[in-house]
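Residue strings, one per chain:
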Amino acid sequence: QFLTGNLEINKNPGGAERLFDLEEGEELPYTDTLLPNVKLLHGHRDLPLLDTDDTLEKAIELRAAIRDLPFAYIIIDTPPALGPRIAAPMLWADEAYIVVEAHLSSVTGLDDTFDTVDLVKGINPDLDVKMVLNRYVKAATFSKQFRDALMERFGPMLVVEFALRTAVSDACQNFRPVWKHAKDKALKQQWRELVMRAI
């Protein structure tokens, strides 16, 4: 929605699901975005239909074809729930960024997420996994405890912490990257540095 300015795009079928029907040499039906040189295969409300047992088998078969797509970088944004739509991109990727928030549902879900990571690494052993702590409230006791627990358990995997800031949602509402929209120079630099690190 935010990359295209089309708030109805998630009602349209096609998009990201076409990755799982990819034929050799096929040109996928990309959507243009508001950013130069960025193409999109959109998500939509019917994508949960991909969460079947044979999705991962297809993903393994398609790994070489996905990695040969004509782009310098391919970014796949997945839902936070576990399932084939998370595991499949990890099978294709060089890096995976796991975004967590400092609340109880994140705590309880991390073990399951890393069970999936361990399973994927059996097929894609070079996958480099990093963590991002988002919407971090420094003044909240539980947030501090959660952050300390992450550091103790995952150490260098935790690469950045983003405080809860209205500038991020404002940037999305204006269809702009945070580093082009926010007035806070430190915040702009922090988001830009994460993007540059990822690529």
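Predicted model only: the values in this text are computed from it and were never measured. (Residues numbered from 1 in each chain as written. Predicted model: local features only at pLDDT ≥ 70, side-chain atom pairs only at ≥ 80, totals over all residues. Heavy atoms only, no water.)

Asker: Mind laying out the overall build of the protein chain, listing which residues take part and the relevant values?
Answerer: Summing up its helical and strand segments, the protein chain has seven helices and five strands in all. Along the protein chain, helices (α) and strands (β) appear in the sequence β-β-α-α-β-α-β-α-β-α-α-α when read from the amino end. At 18 Å, the protein chain has a C-alpha radius of gyration in line with the 16 Å of a compact globule built from 199 residues. In the protein chain, once contacts between residues fewer than 6 apart in sequence are set aside, the share between residues at least 24 apart is 70%. Summed over all atoms, the accessible surface of the protein chain reaches about 12500 Å², with 52% contributed by carbon and sulfur. Of the side chains in the protein chain, 23 bear a positive and 31 a negative charge, and the two mean positions are spaced by 12 Å. (Helix = DSSP H or I, 4+ residues; strand = E, 2+ residues; numbered from the N terminus. Rg over C-alpha atoms; globule rule 2.2 N^0.38 Å. Contact = heavy atoms within 4.5 Å. Areas by Shrake-Rupley, 256 points an atom, 1.4 Å probe, with all protein chains shown as cover. Lys, Arg positive; Asp, Glu negative; His and termini not counted. Charge placed at Lys NZ, Arg CZ, Asp CG, Glu CD.)

Asker: Kindly report on the sheet that holds strand 3 (residues 95-101), identifying the contributing residues and their values.
Answerer: Spatial ordering of the open sheet is given by 3-4-5, a layout of three strands whose pairing is parallel. Pairing within the sheet leaves two strands with one partner each, and these edge strands are strand 3 and strand 5 (158-163). Geometrically, the sheet is characterised by an average inter-axis angle of 20° between neighbouring strands, direction not taken into account. In this structure, strand 4 (residues 128-136) lies alongside strand 5, joined through four bridges in parallel fashion. Residue pairing in the sheet places Val132 in a bridge with Val160 of strand 5. (Pairing = 2+ DSSP bridges. Axes fitted to C-alpha atoms, helices over the stretch in contact; angles between N-to-C directions.)

Asker: If you had to explain the confidence of the model for the protein chain to someone new, which residues and values would you point to?
Answerer: Counting all residues, the mean pLDDT for the protein chain is 87, and 98% of those residues have values of 70 or more. Mean pLDDT values over the elements of the protein chain span from 81, in helix 3 (residues 104-121), up to 96, in strand 2 (residues 39-40). (pLDDT = per-residue confidence, 0-100.)

Asker: Tell me what's going on with the pattern of salt bridges, and back it up with residues and numbers.
Answerer: Applying the stated rule across the entire model yields 12 salt bridges. Across the salt bridge formed by Glu26 and Arg18, the nearest N and O atoms sit 2.7 Å from each other. Note on Glu26: relative accessible area 24%, which makes it partly exposed. Its relative accessible area of 27% is what places Arg18 among the partly exposed residues. With a closest N to O distance of 2.9 Å, Arg165 and Asp184 form a salt bridge. Taken together, the positions of Arg165 in the loop between strand 5 and helix 5 (166-173) and Asp184 in the loop between helix 6 (178-181) and helix 7 (185-198) put the pair 19 residues apart, joining distant regions of the chain. Residue classification places Arg165 among the partly exposed residues on the basis of a relative accessible area of 33%. (Salt bridge = Lys/Arg side-chain N within 4 Å of Asp/Glu carboxyl O. Buried < 20%, exposed > 50% of the residue type's maximum accessible area, 1.4 Å probe, protein only.)

Asker: Which residues make up the packing of aromatic side chains, and what are the values?
Answerer: The final tally for this structure, using the stated rule, is six aromatic pairs. On the basis of an interplanar angle of 20° and a centroid distance of 4.1 Å, the ring pair of Phe162 and Trp191 is categorised as stacked. Placement of the pair is Phe162 in strand 5 and Trp191 in helix 7, with a sequence separation of 29 residues. Its relative accessible area of 2% is what places Phe162 among the buried residues. (Phe/Tyr/Trp six-rings, centres within 6.5 Å; stacked < 30°, edge-to-face > 60°.)

Asker: Residues and numbers for the nonpolar core, please.
Answerer: Counting 36 residues, the largest nonpolar core has Leu19, Trp92, Val100, Phe114, Met131, Leu133 and Leu150 as the members making the most contacts within it. Elements supplying a minimum of two residues to this core: helix 1 (53-67), helix 2 (84-92), strand 3, helix 3, strand 4 and helix 4 (141-154). Per element, the largest residue contribution to this core is six residues, and it comes from helix 2. Non-local contacts of Trp92, meaning those with residues more than four positions away in its chain, are made with Leu19, Phe20, Ala59, Leu62, Arg63, Ile66, Arg67, Ile76 and Asn124. In terms of nonpolar packing, the next biggest core, distinct from the first, is built from 11 residues, Val132, Phe162, Ala171 and Trp191 among them. (Core = buried A, V, L, I, M, F, W, Y, C linked by side-chain atoms within 4.5 Å.)

Asker: Any chance you could break down the packing of helix 1 against helix 2 for me, citing the residues and the numbers?
Answerer: The geometry of helix 1 relative to helix 2 is characterised by a closest axis approach of 8 Å and an angle of 35° between their N-to-C directions. Helix 2 is crossed by helix 1, and the crossing has right-handed handedness. Contact residues: Thr55, Leu56, Ala59, Ile60, Leu62, Arg63, Ile66 and Arg67 in helix 1; Pro84, Ala87, Ala88, Leu91 and Trp92 in helix 2. For the contact of helix 1 with helix 2, the per-class residue count stands at 10 nonpolar, one polar and two charged. (Left-handed = near helix turned anticlockwise from the far one by under 90°. Nonpolar A, V, L, I, M, F, W, Y, C, P; charged D, E, K, R; others polar.)

Asker: I'd love a proper account of the side chain of Thr116, names of residues and values included.
Answerer: Position of Thr116 among the secondary structure elements: in helix 3. Classification of Thr116 as buried rests on a relative accessible area of 15%. Ignoring any residue separated from it by four or fewer positions in sequence, one finds Thr116 in contact with Leu82 and Ala87.

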